[in-house]
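# Working through the structure, step by step
In case you want the letters, here they are:
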Amino acid sequence: MKISILFGTESGNGELAAEDLALSLADGHDVEVRDLAEVTVEKISDEALFVFICSTYGEGELPNTALPFYTALSETRPDLTGVKFAIFGLGDSFYTETFGHGSLKLGAELEELGAHRVGEFGRHDASTWEPVGEAAVTWFAEVLSSMRLASHPG
Amino acid sequence: MQPNPTLAIVGSGPAGCYLAQTLRRSLPDAEITIFERLASPFGLVRYGVAPDHQGTKSIQAQFARLFERDNVRFAGNIDVGSVVTLDDLRATHHVVVLATGLARDRRVGVPGENLLGVFGAGQLTRTANSHPLEKPTLPPLGRTVAIIGGGNVSLDVVRFLIKTPGEFAGSDVNDVALEEYAAAPVTHIDLICRSSPEAAPFDPAMVAELGKTPGVQFTSLDHSTADGTTSVEAHPAALAALLPSTPGGTPRVRVRLHFNATTTRIIGMDHAVGVEVRRPDGQLQTIPAQSVITAVGFDCDPSDPLIGDRGASQETGYLAEGLYRTGWAKRGARGTIPENRHCAKAVAAEILEYLAAAALPAKPGYAGLPDAVHDRATDYAGWLRVDAAERAAAPGNRSRKKLPDHAWMVATARETVQK
Ligand SMILES: Cc1cc2nc3c(=O)[nH]c(=O)nc-3n(C[C@H](O)[C@H](O)[C@H](O)COP(=O)(O)OP(=O)(O)OC[C@H]3O[C@@H](n4cnc5c(N)ncnc54)[C@H](O)[C@@H]3O)c2cc1C
Ligand SMILES: Cc1cc2nc3c(=O)[nH]c(=O)nc-3n(C[C@H](O)[C@H](O)[C@H](O)COP(=O)(O)O)c2cc1C
């Protein structure tokens, strides 16, 4: 299975998580890592599992670098039926009202357009000082095992 | 291109760290050294960002990778310009980049700034963060303080002054300074902002955070209106939420937010006794205060041996052949941590272009510097010893207790401290 990791970041934590995750998957998977700033919505298809890693800025907004992608999604409204994605959000629980809202918005938009989310919504909280790369790797292992369970029930 | 270019970055704040990160991606074999005046890396992440904003400080974990995994050398305790000259660095390295930030409190530019009792926000926030070259405790502020400036640093200062020690749980605040301050805290704060409530530069999340401290009464005075009042509804949401419709009980601290008030002078004979502001209609008004804190940004001391009186540049990081600058030292003291990442990418592109085009002579890099530099420098392992010592010393409700003294930090880094 091809895995395409797309990150949206402003201060670089999301990129680090994406790189660490890619490194952990390099053995046995066909993995690519790309910056959402350089990805067009046409790229999203059913030919890979898309892993979105995205932080939150402003008052619960997406990072600047991911805004063009997000805006294009909501404006062109492509049909994403058949697309599978997993999503991992970075935020800071210090922002109590908007914790992780950037990735929540992105995930909601993808689902709205017909894409199917696999696994749990991943979350990283900057206030915990938990290494973001490790958190992403642990989360994605769960995503993969939930996919295996789903395809081979029992 | 030179097979193994040697690069020296001066300053280990966000600007220097993001630059090293970007350069390393394109130059896996280059020698990259970050020179830093202190024995600890990370610049204002450690010594500017508020001690009760640990989530923001956690960006250190990303920068730590440079030294732990990406083979970037940390040379601490090296003040470039005194311990080693810029010429020495340039003679030994193909590229030198100044990422030294801007540490001097910008002057408001009004009469009275040199009076006793006038302090810069940079000084206060360094003290709150236990900067090893700053005063260990706050200056005497009295009971009434006027703060000039309406940015996030100004709000960091307000928050520090209104919170009680118990409200700093989980932080790495300078407890020596905090406890001394808490024995006689400020009871009145006048925050003077020249813009309107809508245009004030502070971040709404930072305004909202002020409302979490109990016992504080906030009022707003919009000087553009005849009687200085504006309905709460006319304020942006975060501010409106701060202003109670019915003040209850006697507040511990009163904070008055002045908008559309331009500071014209600081009043006093020897010691400041207040601030004079001009309203939009031209009328002058006096705001009494026992001390004044200026929080109107940062700039460079023109006598600084590195950046000197060169102004900011939004266009290029280029200074001279093989010499560049990035971060606040390039753009001026504007912008948050992420903006330095963006800036680093642009400056790195300039540097890579230079390295690709030029036929460069061999340069020895770090090894070519005088022995005195090698003997003096503290390394990344040394910083990890400081880090461990600080965490171990933290009381239960704090994340760390910073070593407040440069010599002590250096000795800890070198393992010459008696345990
Ligand atoms: C009080 C305050 C609070 C802030 N809070 C936030 C916040 O909450 N969130 C946010 O995103 N941004 C915040 N910022 C902004 C952020 O800190 C800056 O964007 C960023 O630190 C600028 O990075 P820099 O590397 O250019 O400068 P700095 O971080 O200042 O780093 C410069 C480094 O160079 C070193 N140095 C200087 N001169 C020499 C020399 N001659 N030789 C060797 N080393 C030298 C210094 O010791 C320092 O380590 C805050 C700024 C301040 C002042
Ligand atoms: C100005 C600013 C605003 C932020 N706003 C939010 C927010 O509303 N909600 C949230 O969960 N995190 C917020 N954060 C925290 C970031 O999402 C968090 O630091 C994250 O690790 C950054 O990841 P990145 O480096 O990939 O951009 C904010 C951070 C900054 C600097």
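Note that the structure is predicted; figures quoted are calculated from it, not measured.

Okay, the packing of aromatic side chains next. Applying the stated criterion across every chain, the model contains 16 aromatic pairs over all chains. With a centroid separation of 5.7 Å and an interplanar angle of 55°, the aromatic rings of A:Trp139 and A:Phe140 are classed as tilted. Across the pair, exposure class does not vary: A:Trp139 and A:Phe140 are buried alike. On the numbers, 6.2 Å between centres and 35° between planes, the contact of B:Phe160 with B:Tyr181 is tilted. Here B:Phe160 is found in helix H7 (residues 152–162), whereas its partner B:Tyr181 is found in helix H8 (residues 175–183), with 21 residues between them in sequence. Side by side, B:Phe160 and B:Tyr181 carry an identical accessibility label, which is buried. Chaining the aromatic ring pairs together yields one cluster made of B:Tyr18, B:Phe42, B:Phe63 and B:Trp383.

Residues and elements named next belong to chain B. Taken together, the buried positions of helix H15 (residues 406–413) are occupied by His406, Met409, Val410, Thr412 and Ala413. Considered in projection along H15, the buried side chains sweep an arc of 160° and stay on one side of the axis. Elements that come into contact with the buried residues of H15 comprise helix H2 (44–47) and helix H14 (380–392). By the N-cap criterion, in which a side-chain oxygen at the helix start approaches the backbone nitrogen of a residue two or three places on, H15 is capped by aspartate 405, the distance to alanine 407 being 3.3 Å. Two residues or fewer after H15 comes glutamate 415, characterised by a positive phi angle close to 65°.

Our focus in this paragraph is the UniProt feature "domain: Flavodoxin-like" (unreviewed entry) in chain A. Annotation from UniProt places "domain: Flavodoxin-like" (unreviewed entry) at residues 3–144 of chain A. With 34% helix and 23% strand, residues 3–144 of chain A has end C-alpha atoms that lie 11 Å from one another.

This paragraph deals with H14(B). All names here are of chain B. The terminal C-alpha atoms of H14 lie 18 Å apart, and with 13 residues this matches the ideal 18 Å at 1.5 Å per residue to within 8%. Among all positions of H14, only Tyr380, Gly382, Trp383, Val386, Asp387 and Glu390 are buried. The buried side chains of H14 occupy one side of the element, clustering within an arc of 150° when seen end-on. The inward-facing, buried residues of H14 contact H2, helix H4 (60–68), strand E3 (72–75) and H15. Regarding H14, its N-cap is aspartate 379, as a side-chain oxygen of that residue lies 3.4 Å from the backbone nitrogen of alanine 381 further along.

Parameters and conventions
Residues numbered from 1 in each chain as written. Chains lettered and ligands numbered in written order. Predicted model: local features only at pLDDT ≥ 70, side-chain atom pairs only at ≥ 80, totals over all residues. Heavy atoms only, no water. Phe/Tyr/Trp six-rings, centres within 6.5 Å; stacked < 30°, edge-to-face > 60°. Buried < 20%, exposed > 50% of the residue type's maximum accessible area, 1.4 Å probe, protein only. Helix = DSSP H or I, 4+ residues; strand = E, 2+ residues; numbered from the N terminus. Arc of directions from axis to C-beta. Contact = heavy atoms within 4.5 Å. Polar contact = N/O pair within 3.5 Å; in protein donor to acceptor, adjacent residues only side chain to side chain. UniProt positions renumbered as here; feature names shortened; annotations may be inferred. Expected span 1.5 Å × (residues − 1).

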